[in-house]
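# Observations on the three-dimensional arrangement
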Amino acid sequence: NPEAYRKAATEENPNPEAYRMIIFAPNAVIAKSKFWYFMHQFRKMKKTTGEILDVVKIQEKNARIVKNYGIWLRYQSRSGTHNMYREFRDLKLTGAVSQLYDEMAGRHRTRPRGIQIIRTAVVPPGDLKRANGMQFAKKVKFPLVHRVDQAKRGQKALSDSTFTTVRPTPFFK
């Protein structure tokens with residue numbers, strides 16, 4: 001949820017500077033809570049001295065093309081705080097973030113509240129760093145094995161013999 005925020009208007013500053021932040025959360029209430037947490041860290045502002053101008057749900061411009069997303073994050077583990085970079089393939093940024101939360105829970109036992117997403121970006125295929133995404137960067141071909149020749153399919157009634165001594169070869173040579 002991108003959120004817009006500014007300090008509350010006063011007589012000294014009737015038009016204060018506005019800030020915008022992208023927060024990934026399951027609903028608007030949690031998004032607002034995370035927003036105030038980060039604003040207090042970054043700008044030393046809190047809920048009583050500011051106002052939220054707008055909360056908008058992210059809409060992907062083209063959700064029909066698979067994209068490579070790079071996500072920079074910080075997470076809290078049992079032993080301390082760690083920085084990390086991850087790559088995911090998905091149709092939407094929100095789908096890639098969901099994959100991130102699931103993978104971090106599985107691999108590192110990290111809860112969503114312990115993960116802070118620093119930055120996200122669409123990564124071109126040439127700039128991929130992880131092997132999992134790089135395998136799809138080149139032209140992907142899926143072999144079609146064990147196929148019966150299309151011309152011979154369903155022609156049992158037209159064939160000369162019902163039974164033959166030669167086994168069928170489902171591989172193309």
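Quick note: structure is the one above.
Below or above, wherever it landed, is the structure these notes cover. Within each chain, residue numbers correspond to sequence positions counted from 1 in written order. The predicted origin of the model limits local features to residues at a pLDDT of at least 70 and limits the giving and counting of side-chain atom pairs to 80 or more, whereas totals for whole chains, interfaces and linings rest on all residues. Excluding hydrogens and water, the side-chain values take into account all heavy atoms of the structure.

### Digging into the packing of aromatic side chains
The rule is short: rings of Phe, Tyr and Trp, with Trp giving its six-membered ring, pair when the centres are within 6.5 Å, and they are stacked under 30 degrees, edge-to-face over 60, tilted in between. Going through the model one piece at a time under the given rule, you end up with four aromatic pairs. Summarising the aromatic geometry, the rings of Phe38 and Phe42 are spaced 6.0 Å apart at their centres and angled 10° between planes, so their arrangement reads as stacked. On the criterion of helical spacing, the pair formed by Phe38 and Phe42 is a turn pair, its members being four residues apart in helix H1 (residues 28–43). What makes Phe38 buried here is its relative accessible area of 12%. For each residue, the accessible area found with a 1.4 Å probe, counting protein chains only, is set against the maximum for its type, and the residue is called buried under 20%, exposed over 50%, and partly exposed in between. Judged by its relative accessible area of 52%, Phe42 is exposed. Aromatic pair Trp72 and Tyr85: ring centres 4.8 Å apart, planes at 45°, arrangement tilted. Highlighted residues: Trp72 in strand E4 (residues 67–76) and Tyr85 in strand E5 (residues 81–90), separated in sequence by 13 residues. Residue classification places Trp72 among the partly exposed residues on the basis of a relative accessible area of 25%. Of the residues examined, Tyr85 reaches a relative accessible area of 10% and is grouped as buried. Labels follow the DSSP assignment, with helices taken as runs of H or I lasting at least four residues and strands as runs of E lasting at least two, numbered in each case from the N terminus.

### Remarks on the sheet that holds strand E6 (residues 115–122)
As summarised here, the arrangement of the three strands in space is E5-E4-E6, forming an open sheet in which the pairing is antiparallel. Two strands bound the open sheet, and with one partner strand each, they are E5 and E6. Between one strand and the next, the sheet's axes are offset by a mean angle of 20°, whatever the strand orientation. Two strands pair when backbone bridges link them, and E4 and E5 are joined in this way by ten bridges, in the antiparallel orientation. Paired strands, in this sense, are two strands between which DSSP finds at least two bridges. In this analysis an axis means a line fitted to C-alpha atoms, helices contributing only their contacting stretch, and an angle means the value between N-to-C directions, from 0 to 180 degrees.

### A look at a positive patch on the surface
Residues with no salt bridge and a relative accessible area higher than 30% make up the patches, which join like charges within 9 Å and nonpolar side chains (Val, Leu, Ile, Met, Phe, Trp, Tyr) within 5 Å. Only the protein chains shown count as covering a residue, and every accessible area follows the Shrake-Rupley method with a 1.4 Å probe. Salt bridge criterion: a side-chain nitrogen from Lys or Arg within 4 Å of a carboxyl oxygen from Asp or Glu. In this tally Asp and Glu are treated as negative and Lys and Arg as positive; neither His nor the chain ends contributes. Where a charge lies is defined by one atom per residue type, namely NZ (Lys), CZ (Arg), CG (Asp) and CD (Glu). The grouping of Arg78, Arg109, Arg111 and Arg113 at the surface amounts to a positive patch. Structurally, the position occupied by Arg78 is in the loop between E4 and E5.

### Quick notes on the side chain of Gln116
Checked against the element boundaries, Gln116 lands in strand E6. Take Gln116: its relative accessible area is 17%, and that puts it in the buried class. Under this definition, polar contacts are N or O atom pairs within 3.5 Å; protein pairs additionally need one hydrogen-donor-capable and one acceptor-capable atom, and for neighbouring residues in sequence, both atoms have to be side-chain atoms. Here Tyr37 takes part through its side chain, which lies 3.4 Å from a polar atom of the side chain of Gln116.

### Notes on the nonpolar core
Across soluble globular proteins, you tend to see nonpolar side chains buried next to one another. In these notes, a set of buried Ala, Val, Leu, Ile, Met, Phe, Trp, Tyr and Cys residues joined through side-chain atoms within 4.5 Å is what counts as a nonpolar core. Core analysis: the largest hydrophobic core is formed by 15 residues, its most contacted members being Ile71, Leu73, Val97, Leu100, Met104, Ile115 and Ile117. Taken together, the elements giving at least two residues each to this core come down to E4, E5, helix H2 (93–108) and E6. Here this core takes six residues from H2, the largest share from any one element. Non-local contacts of Leu73, meaning those with residues more than four positions away in its chain, are made with His82, Asn83, Met84, Arg86, Leu100, Met104, Ile115, Gln116, Ile117 and Ile118. Membership of the second largest hydrophobic core comes to ten residues, among which are Met21, Ile23, Ala31 and Phe35. When checking whether two residues touch, look at their non-hydrogen atoms; a contact exists if any pair is within 4.5 Å.

### Regarding H2
For a helix, the expected span equals 1.5 Å multiplied by the number of residues minus one. With 16 residues, H2 ought to run about 22 Å at 1.5 Å a step, and its terminal C-alpha atoms sit 21 Å apart, in line with that. Listing the buried residues of H2 in full gives Leu93, Gly95, Ala96, Val97, Leu100, Tyr101 and Met104. At its buried positions, H2 is contacted by H1, E4, E5 and E6. Backbone geometry just downstream of H2 places Arg109 in the positive-phi region, at approximately 55°.

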